[in-house]
Protein chains: 4
Amino acid sequence: MAGSTLGTVFCIMTWGESHGKGVGVTIDGCPAGLSLCEEDIQKYLNRRKPGQSRFTTARQEGDQVEILSGVFEGRTTGTPIALIVRNLDQRSRDYRDIMEVYRPGHADFCFDAKYGFRDYRGGGRSSGRETIGRVAAGAVACRLLEHYGIRVNAYTKSIGDIAIDPQRFDLAQRDKNLLYMPDEMAAAAAAEYLEKLIQERDSCGGVVECVIHGMPAGVGEPVFDKLDACLAKAIMSIGAVKGFEIGDGFAAARSRGSVNNDAFYMDGDGVVRKSTNHSGGILGGISDGSDIIFRAAFKPTPSISKEQQTVNRSGENVQILIKGRHDPIVVPRAVVVVEAMAALTVADLLLLKRGSRL
Amino acid sequence: MAGSTLGTVFCIMTWGESHGKGVGVTIDGCPAGLSLCEEDIQKYLNRRKPGQSRFTTARQEGDQVEILSGVFEGRTTGTPIALIVRNLDQRSRDYRDIMEVYRPGHADFCFDAKYGFRDYRGGGRSSGRETIGRVAAGAVACRLLEHYGIRVNAYTKSIGDIAIDPQRFDLAQRDKNLLYMPDEMAAAAAAEYLEKLIQERDSCGGVVECVIHGMPAGVGEPVFDKLDACLAKAIMSIGAVKGFEIGDGFAAARSRGSVNNDAFYMDGDGVVRKSTNHSGGILGGISDGSDIIFRAAFKPTPSISKEQQTVNRSGENVQILIKGRHDPIVVPRAVVVVEAMAALTVADLLLLKRGSRL
Amino acid sequence: MAGSTLGTVFCIMTWGESHGKGVGVTIDGCPAGLSLCEEDIQKYLNRRKPGQSRFTTARQEGDQVEILSGVFEGRTTGTPIALIVRNLDQRSRDYRDIMEVYRPGHADFCFDAKYGFRDYRGGGRSSGRETIGRVAAGAVACRLLEHYGIRVNAYTKSIGDIAIDPQRFDLAQRDKNLLYMPDEMAAAAAAEYLEKLIQERDSCGGVVECVIHGMPAGVGEPVFDKLDACLAKAIMSIGAVKGFEIGDGFAAARSRGSVNNDAFYMDGDGVVRKSTNHSGGILGGISDGSDIIFRAAFKPTPSISKEQQTVNRSGENVQILIKGRHDPIVVPRAVVVVEAMAALTVADLLLLKRGSRL
Amino acid sequence: MAGSTLGTVFCIMTWGESHGKGVGVTIDGCPAGLSLCEEDIQKYLNRRKPGQSRFTTARQEGDQVEILSGVFEGRTTGTPIALIVRNLDQRSRDYRDIMEVYRPGHADFCFDAKYGFRDYRGGGRSSGRETIGRVAAGAVACRLLEHYGIRVNAYTKSIGDIAIDPQRFDLAQRDKNLLYMPDEMAAAAAAEYLEKLIQERDSCGGVVECVIHGMPAGVGEPVFDKLDACLAKAIMSIGAVKGFEIGDGFAAARSRGSVNNDAFYMDGDGVVRKSTNHSGGILGGISDGSDIIFRAAFKPTPSISKEQQTVNRSGENVQILIKGRHDPIVVPRAVVVVEAMAALTVADLLLLKRGSRL
């Protein structure tokens, strides 16, 4: 398991490089009987597609998914579901600038250090296109979760210093702007900021927040496979993520027990509820039945149109100016990737929970 | 694998409850030939022992480790290393207050929701004593890393709002105060704050920072088993941790590419180095050869001596006042747990890396 | 996972050497709520204990199991169950004969080739005492299977050329003779044969057969984790096993489709049954609802009291005469080990099956 | 992991059904730097292709493999290698005969019992076409083993009662007859026997033997992941295999220690060798440096052109006559599948062994 495999019961393996023949994923362990078609997956892939706005790359990727196996007469069979997206836009380019030179903020140097060489075309396996496999599998996981009444919703919480205002929060608004911000005014301000960055040949980071509604209590394993630990790994495995927090997160480190503890109470329907949700829906690594809320910090896109200091494979100090047009931010396209990774994690632990009692 | 198993090559399984017969861990996959004795492990366990200061519980735990297998004539044999710590302080207490009632901020409710019942004595498996197995195994991992020139050092970065001053940072100071803060002045201020919290029957959180020196480049697997993703999971699996960030972490989300990118350069010895370390030593999930730096946010101790609103197993709204003396903070004792989890993660990926080339 | 870990959901890790402090096992993933006490485990361990007859070693091992965790008020809690058996009979012996010299038919040479050195005392980790962990965990698995109406029964089918007669088969007879043969006459003949071997300072092999009653249809995963494939691995992992076959096994290779196919029919209760059971209860790797029947071939005990040709660690050709008293056969004590491994395999796949449908 | 995943370091996941869009496999964990092209894989696939003789199905499958990822400039990159074979021959047939009726000796009933329904077209996931993924991945494993001087060779040892004569054994002969028997005379006799079976509308089983040359000592993990245990699982996971034995196998159960023990001696080059190889190259689960030899028993093809008694999905007793032309034996086409599974097993344990010492 060299890192492209995830999950114990709902287990996936992704493959593919930016400029190879395609990218894809196989899911081993999706329960039989789930209604599934290509459109269920395609709508998730469309949300991460490039070319949606002037803040994302113009590459026409198409990204049409094909279900190769595991679905029969519209339902999953319980056997592996193989999904493939062919790479279409493979113009032969001039990669000499990144073939020999290590781009700052990228994995080029680390891949060479690990493997001795690398597929340098467009970043190869470390390209953002690798997330297509995640999103495709995540779409299937979302479908499974829906069956159990669980919905996963992520959105852009902040871009640079511009954050959504909780007072203006409107999830319906999320899909109406190209930055996937659930706050129209913040989205407008962020767009303006990004225009400025493009002119300055620079980039910025941001924060994605994700809410999981409808979680039953009892999901997550104590000790190492805590639900929040597994979510952290899944989210931190997305390229460019540098931080993860759940519930009050880092703010909890400055809080007090008397404030941070969520009081339990019985609601009218005889269900245990909490007065507040500082915990973010997880206690002791196990879901407590309230909404799960977490955030991921994304670093600025490392590819910028400025000259930078670096070294080449021959061990010489050189300057690099990365050609082409670069996204000033990865966050908007990453929103659906966060949803996918969260769904994959919850689906796996939900199935694993079936073994916890006689 | 119901969550008490960690690692692929350097694989561990922990066991034990707070008031059962003991706690322990077995390590399957430690390479043969490593010099190891009980004292190598005991010195790590001593750092997490209670009763060290008036800020930690007075329970006399002893926590003497015994190596049961896997070591012969002072060296590891390559077969499983079983470690056990017997629980000594098992006074028969009155647990009726937590047997039937769910403590806010604790996993009591979640365990019942998951398993149908729980070992309520002292928190059972969700007790902080569970970390003994982590620390014992982590001590072996540290020993293995030392063999390869890698050192893991964690320390308290902040308690409540009181943070160490980078100007006064002195790692040698860390072990001279009971709060494990590498800054004498901050430690004194924090001690004063904790005294106040004790009087107010409250608790607080804090942040632990960890630095891994001597990492070779190339450790970590692309995609899902990125080194930072695995670290995030390992650290977030420690009870009370609510956030994880690497390098600039959440601050990177507010930064720019031109600032956040670390420039590469060749040092005098022909080694690739970086001018800055915003990345925290990892690019694309793979170590880049510089120090790895990450932080963990701990929530305030949930056990406080104030009356709190909650519910009981019968579904009634009740008040709870948790008896006994409580640590006003978990952070100082958690420092060595963070080191242990980091070492376990790095050891596993270091061994896994052996398979990356012919 | 260096080989001492088994199972995906019902997962175990064993540890311990012949002359170390003890042997044991931890089970991670046993469902909560199962009634369990030490006696449930002890009765299985007693069946593999030495000193039961003149055909097994006289060592007084005691083999008293202690449950260290995971059981509360007589029921499993869903958290790890740690089991330990202390080694009592650790007389300091003279191991020089096997310290430097590789015993034919043993793993001594292979351990040195793999690890560079080995714990040579009594075979260390490759000793038959390693099976105590298997049997202890297997006893818990049997308890779990009983809850679901599944019973696992193994017995000695043959010793050397002396096999039980199917006409005289009587399972109740199995526990009445020291060879665990369900045929009184065969047992008497085998005892006589073993007496002769002892006089000739030789040893022999035999076959263990195992029947699993009460299996529901649908257990086992297609492709790599077929129920028969997992059973084969579990059984072949017992030291001294050289062959495994299910149903008609090797005889099926000489049969015809018209004979070997089992016809299906509906029984009076509306249950699908088979007229014959050449398949041994598994089709396509998945249980078909009929009894599972398999056999394991054990080689002769390699320790014999004859002088043998071998080499030593210094690379010299030498003669070896292994001192002490040796069992002329391992089969009778291995019967319960076969049951244990079968139960562990079925328990894991039974729990895994819970994920196969919505 | 619902059974389509195999291996710890060299890890594969297969997918695909008989009459879906295709079949394939992804390999995660092949070391970087291995020379690999499609022809390296195709030549293995060609050996399992149908239509090679009148004893195998006439379906023109083509079975052209395409490498989708993980290979760059002719060498493996260390990232996942995705392989796909499109299904070409998907004539719309009339499957009503097997849609509602359970074929004796097939997995139809078990799939329904497990998943609630199944892809009935040509056996779906339980079809022999599933082995294409095994063979494709196995070809890559063979390539890796070749790099380390290890060769895997399987051949037909017997068909029905007709076995090769060890005196006439000639491996070069294997590829000269359509039954892959390394004995020209036995092959002729077997062909005659198969002709007779075709006329009688019946089928038969056989035995495949496999030899692994060039194994270094020290491969395989003690206890559960013994090399022979892993081989047993891999081989028994091939559909139709009912038995596995290594070295003398079941014959060892009738032998004596004085005969069955292999004496060690030093050869002229200072290498430890064995005078005999009753063990089949493995002691205590670890390779001893001599050839590994094992055998697999295949049952007769269950699809025969005779009327058989069975039941249908509605729970009625019915007769079934399976239409079409059936292979009278699966063994010749299974020879390369055995090689593939052996290579996958050895490759994984060989890489895992890298972690056994400092």
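Residues numbered from 1 in each chain as written. Chains lettered and ligands numbered in written order. Predicted model: local features only at pLDDT ≥ 70, side-chain atom pairs only at ≥ 80, totals over all residues. Heavy atoms only, no water.

Peer 1: Would you take a moment to explain the interface of chain B and chain C for this structure?
Peer 2: Listed as interface residues are 47 residues of chain B and, on the opposing side, 47 residues of chain C. Between chain B and chain C the total buried area reaches about 3700 Å² when both faces are included, carbon and sulfur atoms providing 62% of it. Counting across the chain B and chain C interface gives four salt bridges. Close ionic contact of K21(B) with E66(C) constitutes a salt bridge, the shortest N to O distance being 3.2 Å. One can count 18 residue pairs in polar contact (both at pLDDT 80 or more) joining chain B with chain C. When residues of the side of chain B that touches chain C are traced back to their parent elements, those giving at least two are strand 2 (11-16), strand 3 (22-28), strand 4 (65-67), strand 6 (75-76), strand 7 (81-86) and helix 3 (108-115) of chain B. Considering every element that reaches the side of chain B that touches chain C, the biggest residue donor is strand 2 of chain B, with six residues. Residue composition of the side of chain B that touches chain C, grouped by class: 18 nonpolar, 17 polar and twelve charged. (Contact = heavy atoms within 4.5 Å. Buried area = accessible area lost by both parts, 1.4 Å probe. Salt bridge = Lys/Arg side-chain N within 4 Å of Asp/Glu carboxyl O. Polar contact = N/O pair within 3.5 Å; in protein donor to acceptor, adjacent residues only side chain to side chain. Helix = DSSP H or I, 4+ residues; strand = E, 2+ residues; numbered from the N terminus. Nonpolar A, V, L, I, M, F, W, Y, C, P; charged D, E, K, R; others polar.)

Peer 1: I keep staring at the sheet that holds strand 7 of chain B and nothing clicks. Help me out?
Peer 2: Two strands in a sheet stick together by hydrogen bonds in their backbones, pointing the same way (parallel) or opposite ways (antiparallel). Residue and element names in this part refer to chain B. The antiparallel open sheet is built from five strands, whose spatial order is 1-2-3-7-4. Of all strands in the sheet, those with a lone pairing partner are strand 1 (5-6) and strand 4, marking the two edges. Bridge count for strand 4 against strand 7 is three bridges, and the pairing is antiparallel. Counted as the bridge partner of E66 is I84 from strand 7. Packing against the sheet, helix 1 (residues 38-48) makes contact with strand 4 and strand 7, and its axis sits at approximately 155 degrees to strand 4. Contacts from helix 4 (residues 131-147) reach strand 2, strand 3 and strand 7 within the one sheet, and its direction differs from that of strand 3 by about 35 degrees. (Pairing = 2+ DSSP bridges. Axes fitted to C-alpha atoms, helices over the stretch in contact; angles between N-to-C directions.)

Peer 1: Looking at this model, I keep getting lost on unusual backbone geometry. Mind explaining?
Peer 2: Peptide bonds are, in most cases, trans, and in most cases residues other than glycine have a negative phi. You will see that V223(A), though not glycine, has its phi angle at about 70 degrees, which is positive. As for its position among the elements, V223(A) is in the loop between strand 10 (206-213) and helix 7 (227-236).

Peer 1: Whenever I open this one, the environment of R313(A) confuses me. Can you help?
Peer 2: All names here are of chain A. Structurally, R313 can be placed in the loop between strand 17 (308-311) and strand 18 (317-320). Looking at R313, the relative accessible area reads 39%, which means it is partly exposed. R313 sits 196 residues away from F117 along the chain, and the two C-alpha atoms are 9.8 Å apart. (Buried < 20%, exposed > 50% of the residue type's maximum accessible area, 1.4 Å probe, protein only.)

Peer 1: I'm lost on the interface of chain C and chain D in this one. Help?
Peer 2: Where interface size is quoted, it is often the accessible area lost as the parts come together. Between chain C and chain D, the contact holds 108 residues from the first and 108 residues from the second. Both faces considered, chain C and chain D share a buried interface measuring about 8200 Å² in area, 61% of it formed by carbon and sulfur atoms. The largest contributions to the chain C side of the interface with chain D come from K114(C), F224(C) and K242(C), which together make up 11% of the buried area. Residue D225(C) is joined to K233(D) by a salt bridge in which the shortest nitrogen-to-oxygen separation is 2.7 Å. Here chain C and chain D share 41 residue pairs in polar contact (both at pLDDT 80 or more) between them. For the side of chain C that touches chain D, the leading source of residues is helix 3 (residues 108-115) of chain C, giving seven residues. Each residue belonging to the side of chain C that touches chain D can be placed in one class, and the counts come to 48 nonpolar, 33 polar and 27 charged.

Peer 1: Can you walk me through the relation of the copies chain C and chain D in this structure?
Peer 2: Look at the two chain copies: a rotation about an axis and a shift along it is all it takes to match them. Of the transformation superimposing chain C on chain D, the axial component is 0.0 Å and the angular component is 180 degrees, with the fit at an RMSD of 0.0 Å. Taken together, these values place the two copies in the relation of a two-fold axis. A symmetric contact is evident, with 100% of the interface residues of chain C recurring at the interface of chain D. (Least-squares fit on C-alpha atoms with pLDDT ≥ 70 in both.)

Peer 1: What's the story with the relation of the copies chain B and chain C in this structure? I'm lost.
Peer 2: After a rotation of 180 degrees and a shift along the axis of 0.0 Å, chain B superposes on chain C with an RMSD of 0.0 Å. Here 100% of the contact residues of chain B are again contact residues in chain C; the copies associate through an equivalent surface.

Peer 1: Sorry if this is basic, but what is going on with the packing of helix 4 (residues 131-147) of chain C against helix 9 (residues 331-352) of chain C here?
Peer 2: A pair of packed helices can be characterised by two numbers: the angle between their axes and the separation between those axes. Residue and element names in this part refer to chain C. Where helix 4 contacts helix 9, the two axes come as close as 7 Å, and the packing angle between them is 50 degrees. Of the possible angle classes, the one that applies to helix 4 and helix 9 is oblique. Crossing geometry of helix 4 relative to helix 9 is assigned as left-handed. Packed against helix 4, whose contacting residues are T131, R134, V135, A137, G138, A141, C142, L144 and L145, the element helix 9 presents V336, V337, A340, M341, A343, L344, V346, A347, L350 and L351 at the interface. For the contact of helix 4 with helix 9, the class distribution of residues is 16 nonpolar, two polar and one charged. (Parallel < 35°, antiparallel > 145°, perpendicular 65-115°, else oblique. Left-handed = near helix turned anticlockwise from the far one by under 90°.)

Peer 1: Teacher, can you tell me more about the packing of helix 7 of chain A against helix 9 (residues 331-352) of chain A here?
Peer 2: Residues and elements named next belong to chain A. The interhelical angle for the contact between helix 7 and helix 9, taken along N-to-C directions, is 145 degrees, at an axis separation of 9 Å. Both helix 7 and helix 9 take part in a crossing whose hand is right-handed. Contacts between helix 7 and helix 9 involve L227, C230, L231, A234 and I235 on the former and, on the latter, V338, M341, A342, T345, V346 and L349. When its residues are assigned to classes, the contact of helix 7 with helix 9 shows ten nonpolar, one polar and no charged.

Peer 1: Would you explain helix 3 (residues 108-115) of chain D in this entry?
Peer 2: Side chains that are three or four residues apart share a direction in an α-helix, a result of its 3.6 residues per turn. Residues and elements named next belong to chain D. Most of helix 3 is tucked away: seven of the eight residues are buried. Listing the buried residues of helix 3 in full gives D108, F109, C110, F111, D112, K114 and Y115. A positive backbone phi angle near 90 degrees is found at G116, which sits one or two residues after helix 3.

Peer 1: Would you mind going over the side chain of D112(A) with me for this structure?
Peer 2: Position of D112(A) among the secondary structure elements: in helix 3 (residues 108-115). A distance of 3.0 Å separates polar atoms of two side chains, one belonging to D112(A) and the other to R313(A). Excluding residues that lie within four positions of it along the chain, D112(A) makes contacts with Y102(A), F117(A), R118(A), R313(A) and R357(B).

Peer 1: Sorry, what's going on with the packing of aromatic side chains here?
Peer 2: Two descriptors summarise a pair of aromatic rings, namely the distance from one centre to the other and the angle between the planes of the rings. Enumeration over the complete set of coordinates arrives at 27 aromatic pairs over all chains. Look at F250(C) and F250(D): their rings are 5.9 Å apart centre to centre, the planes differ by 65 degrees, and that puts the pair in the edge-to-face class. In this pair, F250(C) is assigned in the loop between strand 11 (241-246) and helix 8 (257-260) and F250(D) in the loop between strand 11 (241-246) and helix 8 (257-260), connecting two distinct chains. The buried category is assigned to F250(C), whose relative accessible area is 11%. Among the aromatic side chains, those forming a connected cluster through ring pairs are Y102(A), F109(A) and F264(B). Its end group placed over the ring of F117(C), R75(B) keeps NZ or CZ at 4.0 Å from the ring centre. (Phe/Tyr/Trp six-rings, centres within 6.5 Å; stacked < 30°, edge-to-face > 60°. Lys NZ or Arg CZ within 6 Å of the ring centre and 35° of its normal.)

Peer 1: Would you mind going over the pairing of strand 3 (residues 22-28) of chain D with me for this structure?
Peer 2: The side chains of a regular strand alternate, first on one face of the sheet and then on the other. Residues and elements named next belong to chain D. In terms of burial, strand 3 is largely enclosed, as seven of its seven residues are buried. One ladder, built from six bridges, connects strand 2 (residues 11-16) with strand 3; its direction is antiparallel. Counterpart to G16 in the pairing with strand 3 is V23. Once strand 2 ends, the chain turns through five residues before running back antiparallel as strand 3. Sheet topology note: the strand 3/strand 7 (residues 81-86) ladder contains six bridges and is antiparallel. Residue pairing in the sheet places G22 in a bridge with R86 of strand 7.

Peer 1: What exactly am I supposed to notice about the pairing of strand 8 (residues 151-159) of chain A here?
Peer 2: Residue and element names in this part refer to chain A. Of all nine residues that make up strand 8, seven are buried, and the element is covered over most of its length. Here strand 8 runs beside strand 10; their pairing, made up of eight bridges, is antiparallel. The residue bridging I159 from the neighbouring strand is G206, located in strand 10. Where strand 8 meets strand 9 (residues 162-163), two bridges bridge the pair, whose relative direction is antiparallel. Residue pairing for strand 9: I159 is matched across the bridge by I162.

Peer 1: I'm lost on the sheet that holds strand 11 of chain C in this one. Help?
Peer 2: A sheet is described by the order of its strands in space; here ten strands give the open sequence 9(C)-8(C)-10(C)-16(C)-11(C)-11(D)-16(D)-10(D)-8(D)-9(D), paired in antiparallel fashion. In this open sheet, the two strands that pair with only one neighbour each are strand 9 (162-163) of chain C together with strand 9 (162-163) of chain D. Strand contacts of helix 7 (residues 227-236) of chain D: strand 11 of chain C together with strand 11 and strand 16 (292-298) of chain D, with the helix running at about 160 degrees to strand 11 of chain D, the strand carrying the most contacts.

Peer 1: I would appreciate a short explanation of the pattern of salt bridges in the present structure.
Peer 2: As a working rule, side chains carrying opposite charge can pair if their charged atoms are close by. What the rule picks out here adds up to 120 salt bridges over all chains. The shortest N-O distance in the salt bridge between D108(D) and R118(D) comes to 3.9 Å. A residue pair is termed long-range when its members are at least 10 positions apart, and D108(D) in helix 3 and R118(D) in the loop between helix 3 and helix 4 (131-147) qualify at ten residues. Looking at D108(D), the relative accessible area reads 3%, which means it is buried. For the salt bridge of R273(D) with D267(D), the shortest nitrogen-to-oxygen distance reads 2.6 Å. Classification of R273(D) as partly exposed rests on a relative accessible area of 37%. What you see here is one network of salt bridges that share partners, running through R103(A), D108(A), D112(A), R118(A) and R313(A).

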